[in-house]
Amino acid sequence: MHRVVGSKDLQIPELSKSTDGGTFTLLGEPDCEVRRTGDGSGLVVCLKACDAYDPSAGTVRETTVDDIDCWMIDTDHDGLSFIARLTYFPNGVRNQAGLRAAMKSLASDLDPDAETNLTSLQSQSFDIPPDNRPIAVKAITRTGAEMNTVIHPDAWLPPAD
């Protein structure tokens, strides 16, 4: 499903000096699947893709995971501030020399599966937020575009078979 939303600054009239001022930006939302863990006590997020608006063509297109350099999860979203509690770099280790060097220098201190975990499109499991608060996911593309979505408990899927 293609879905784009207006940027947050469009929702704050004070940012525009006149009624016709400001910029108009449409951003995609990360396409995620959130599943409960087998025992039902945790969640796992799988990032599938993002939708992006192409202003030159006037269409919404799906951004492939090859375009996503970083994605993060706020595992206890308060509805206001995004706090990255889990962070992944699906293409970062492969494409960014700085991150590759950091992984190399930390290699002796990291769990052997750390690089695989950091470059995954599926999160590690994490505890269900207290009071069934939502989670939020932010994806950043190689062009620097940030895409966010909030996923409420009614959208969480049962454990996979």
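Here, the structure is the one placed above.
Attention here is on the structure that accompanies the text.

Here is what the cut-offs are and how they apply
Residues numbered from 1 in each chain as written. Predicted model: local features only at pLDDT ≥ 70, side-chain atom pairs only at ≥ 80, totals over all residues. Heavy atoms only, no water. Helix = DSSP H or I, 4+ residues; strand = E, 2+ residues; numbered from the N terminus. Buried < 20%, exposed > 50% of the residue type's maximum accessible area, 1.4 Å probe, protein only. Contact = heavy atoms within 4.5 Å. Salt bridge = Lys/Arg side-chain N within 4 Å of Asp/Glu carboxyl O. Core = buried A, V, L, I, M, F, W, Y, C linked by side-chain atoms within 4.5 Å.

Below, the discussion takes up the overall build of the protein. Helix and strand counts for the protein stand at 3 helices and 10 strands. Helices and strands appear in the protein in the N-to-C order β-β-β-β-β-β-β-α-α-α-β-β-β. Residue burial in the protein is summarised as follows: out of 161 residues, 33% are buried. Taking as baseline every contact in the protein between residues at least 6 positions apart, the subset at least 24 positions apart corresponds to 53%.

This part is about the environment of Cys 46. Among the secondary structure elements, Cys 46 is positioned in strand β4 (residues 42–54). Along the chain, Cys 46 and Val 34 lie 12 residues apart, while their C-alpha atoms are 6.5 Å from each other. Those residues within four positions of Cys 46 in sequence are excluded, and the remaining contacts are Asp 31, Cys 32, Glu 33, Leu 121 and Gln 122.

Within this structure, the stated rule accounts for 5 salt bridges. Between Lys 48 and Glu 33 there is a salt bridge; the shortest N-O distance is 3.8 Å. Taken together, the residues Lys 48 in strand β4 and Glu 33 in strand β3 (residues 30–36) connect sequence positions 15 residues apart. Between Arg 133 and Asp 76 there is a salt bridge; the shortest N-O distance is 3.0 Å. Linking Arg 133 in the loop between β8 (126–127) and β9 (135–141) with Asp 76 in the loop between β6 (68–74) and β7 (86–88), this pair joins segments that are 57 residues apart in sequence. Overall, the relative accessible area of 31% leaves Arg 133 in the partly exposed class.

Moving on: the side chain of Thr 75. Tracing the sequence through the fold places Thr 75 in the loop between β6 and β7. Taking relative accessible area as the criterion, Thr 75 reaches 13% and is therefore assigned buried. Among residues more than four places away in sequence, those in contact with Thr 75 are Arg 85, Leu 86, Phe 126, Pro 129 and Ile 135.

All right, on to the nonpolar core then. The biggest cluster of nonpolar side chains holds 20 residues, and the ones touching the most others in it are Val 45, Trp 71, Ile 73 and Ile 135. Only β3, β4, β6, β7, β9 and β10 (146–151) provide two or more residues apiece to this core. Top contributing element to this core by residue count: β4, with 5 residues.

That's the geometry; what it means functionally is another story.
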